[in-house]
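Architecture at a glance
Read off the chains here:
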Amino acid sequence: MSGTGMFSRIVNLPLHWQIAIALALAALVGWLAEESTTLFGASLLDIFDFFGGLFLNALKMVVVPLILSSIIVGVGNMASQGAFGRVGGKTLGFYLATGLLSILTGLVLVNVIAPGEAESARALAAALPDASQVMDKVEGRGTGDLLEVIKRAVPSNIFQAALEVQLLALIFVGVVFGYFMSRLKGPAGETLRNFWIGVHDVMIMITMWIMRFAPIGVFALVGKTLIVSGFAALEALGLFFLTVLLALAVHFAVWLPLLLRLFGGVRPYAYYGRVAPAQLTAFSTASSSATLPVSMNSAEQAGVSKRVTGFVLPLGATVNMDGTALYECVVVIFIAQVYALVSGVEFGIAEQFIVVLLALLTSIGVAGIPAASLVAIALILPAVGLPVEALAIVLAVDRILDMCRTAVNVTSDLTITALVARTEGEALPGLARGGTQPDA
């Protein structure tokens, strides 16, 4: 087979296989190369810095328009459908409750297991920006800083907030704008809605285009990490990987089934059996949005009415990201633990609470496409004084975890769909426990 034919086959592979190949090549380079290795007269580390930096900059580029347009469109759709009424209130309440539950699960496990405090994590620290300078930014923070963060949610200057990527301010402005946009009637309201829908769709397209270069970015970032830190870093990374998997498993197999049983009177694993096609599609595509048609069909096959699925599931594919929120929290705390290991400065309760809050809020604005959570994490890290470049240490395992957390995202959407259906008086034949039916 010619080299051109081989290259063409690789380019046409699904993205996750391309990333897997990039990881294998990065491991090979990390094994063979040293920090002093040069290529065509240039330092190999500088070359990796260049391409890895381009990829990270591209992710940061889409943060503001993607988050803002997602929230404006989502809130506008909810408000225009009367979603702030009974059904909307139930749906949003369940979304916030399950999202917070997932984040707290991740927070507890990452603090108990502490993958970033393992001695092998010192090797990871070698690949990160200067620890003393970074941890100076978080040292000594307390409740006053938390209140200041919340205060900045109402910006005095919208454009400055966008320029400085003040996340809470962007979310607040997006919610207020989206709500009142839905109240605007006539041609002006329709034009404005079409504009923001167009911005959102374009940003999704740009994000997907950027992700086509993810194999190059992953190769450069992971290759640099392995050259600088060596393979000893993989032990700590493996512990991080297991921490995320365990937290996702607890949410998937314990909390969501308990909610189905206690609040919906539904036999959870019988329901899981009915919606398994959507769960498997979510795992294989790593995209909540791509899974949406399968999710709606699976929920209807389980007995949920089109009235409920047509509202709850499209909204969930936009704003309900339990697995993503959990992952964001664990990643940020893990990176903070690695820095604390070498600097001696602890990442305190106030900072962790900020991470919980930001993970919950950013998960609402994350697009339902592969690796979109990287955009949100790139936004949270600087908000708590940590560098975006630290993302490089988790990219080696991100793809597999992306598939797992997307399956949890979609399972949460389907769980809440069943809960809303039951509280609306729907029977779900063959799934109701003991024939019970909660009050509407």
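Just above sits the structure.
Structure report, in brief. Residue numbers run consecutively from 1 along every chain, following the written order of its sequence. Only residues with pLDDT of at least 70 get local features here, since the model is predicted, and only at 80 or more are side-chain atom pairs given and counted; chain-wide, interface and lining totals rely on the full set of residues. Values shown for side chains rest on all heavy atoms present in the structure; no hydrogens or waters enter the calculation.

In this text, helices come from DSSP runs of H or I with a minimum length of four residues, and strands from runs of E with a minimum of two, each type numbered from the N-terminal end. The helix and strand tally for the chain stands at 21 helices and two strands. Residue exposure (1.4 Å probe, protein chains only): buried if accessible area is under 20% of the type maximum, exposed if over 50%, otherwise partly exposed. For the chain, with 440 residues in total, the buried portion stands at 54%. It only takes one pair of heavy atoms within 4.5 Å for two residues to be counted as in contact. Taking all contacts inside the chain whose residues are at least 6 apart in sequence as the whole, residues at least 24 apart take part in 82%. A total accessible area of about 18,500 Å² is found for the chain, and carbon and sulfur atoms account for 67% of it. Using a 1.4 Å probe, accessible areas were evaluated by the Shrake-Rupley method; residue-level cover was limited to the displayed protein chains.

The backbone of Ala114 shows a phi angle near 50 degrees, a positive value even though the residue is not glycine. Look at Ala114 and you get buried, because its relative accessible area is 10%. Backbone geometry at Leu428 places phi at a positive 50 degrees, although glycine is not the residue there. The residue Leu428 is located in the segment after helix H21 (395-423) in this model.

Moving on: a nonpolar patch on the surface. Residues Leu13, Trp17, Ile21, Leu25, Leu28, Trp31 and Leu32 make up a contiguous nonpolar surface patch of roughly 730 Å² in combined accessible area. For Leu28, the location among the structural elements is in helix H2 (residues 15-32). Its relative accessible area of 41% is what places Leu28 among the partly exposed residues. Surface patches are drawn from residues lacking salt bridges whose relative accessible area is over 30%; two like charges belong together within 9 Å, two nonpolar side chains (Val, Leu, Ile, Met, Phe, Trp, Tyr) within 5 Å. Note on definitions: salt bridges are taken to be side-chain nitrogens of Lys or Arg within 4 Å of carboxyl oxygens of Asp or Glu.

Any pair of Phe, Tyr and Trp rings, taking the six-membered ring for Trp, is counted once the centres come within 6.5 Å. Such a pair is stacked with planes under 30 degrees apart, edge-to-face with planes over 60 apart, and tilted for the rest. Enumeration over the complete set of coordinates arrives at 10 aromatic pairs. Relative to Phe180, the ring of Tyr179 lies with its centre 5.1 Å away and its plane at 85 degrees, an arrangement referred to as edge-to-face. In this structure Tyr179 comes out as partly exposed when scored by relative accessible area, which is 29%. Overall, Phe180 belongs to the exposed group, its relative accessible area being 53%. Look at Phe240 and Phe334: their rings are 4.7 Å apart centre to centre, the planes differ by 25 degrees, and that puts the pair in the stacked class. A residue pair is termed long-range when its members are at least 10 positions apart, and Phe240 in helix H13 (residues 233-264) and Phe334 in helix H18 (residues 322-343) qualify at 94 residues. Each member of the pair, Phe240 as well as Phe334, is classed as buried. Among the aromatic residues, those joined into a ring-pair cluster are Phe177, Phe195 and Trp196. It is Arg183 that lies over the ring of Tyr179; its NZ or CZ is 5.2 Å from the centre. Geometrically, a lysine NZ or arginine CZ counts as sitting over a ring once it is within 6 Å of the ring centre and also within 35 degrees of the ring normal.

A few words on the packing of H18 against H21. Here H18 crosses H21 at 135 degrees, and the two axes come no closer than 6 Å. When the interaxial angle is binned, H18 and H21 end up oblique. Listed contacts from H21 to Asp322, Gly323, Thr324 and Tyr327 of H18 are Asp398, Leu401, Arg405, Val408, Asn409 and Ser412. Looking at side-chain class alone, the contact of H18 with H21 contains three nonpolar, four polar and three charged residues. Axis lines are fitted to C-alpha atoms, over the contacting stretch for helices. Their N-to-C directions set the angle, which ranges from 0 to 180 degrees. If an angle is under 35 degrees, it is roughly parallel; if it is over 145, roughly antiparallel; if it lies from 65 to 115, roughly perpendicular; otherwise it is oblique. Any residue that is not Ala, Val, Leu, Ile, Met, Phe, Trp, Tyr, Cys, Pro, Asp, Glu, Lys or Arg is counted as polar, Gly included; the first ten are nonpolar and the last four charged.

In short, geometric facts, not functional conclusions.
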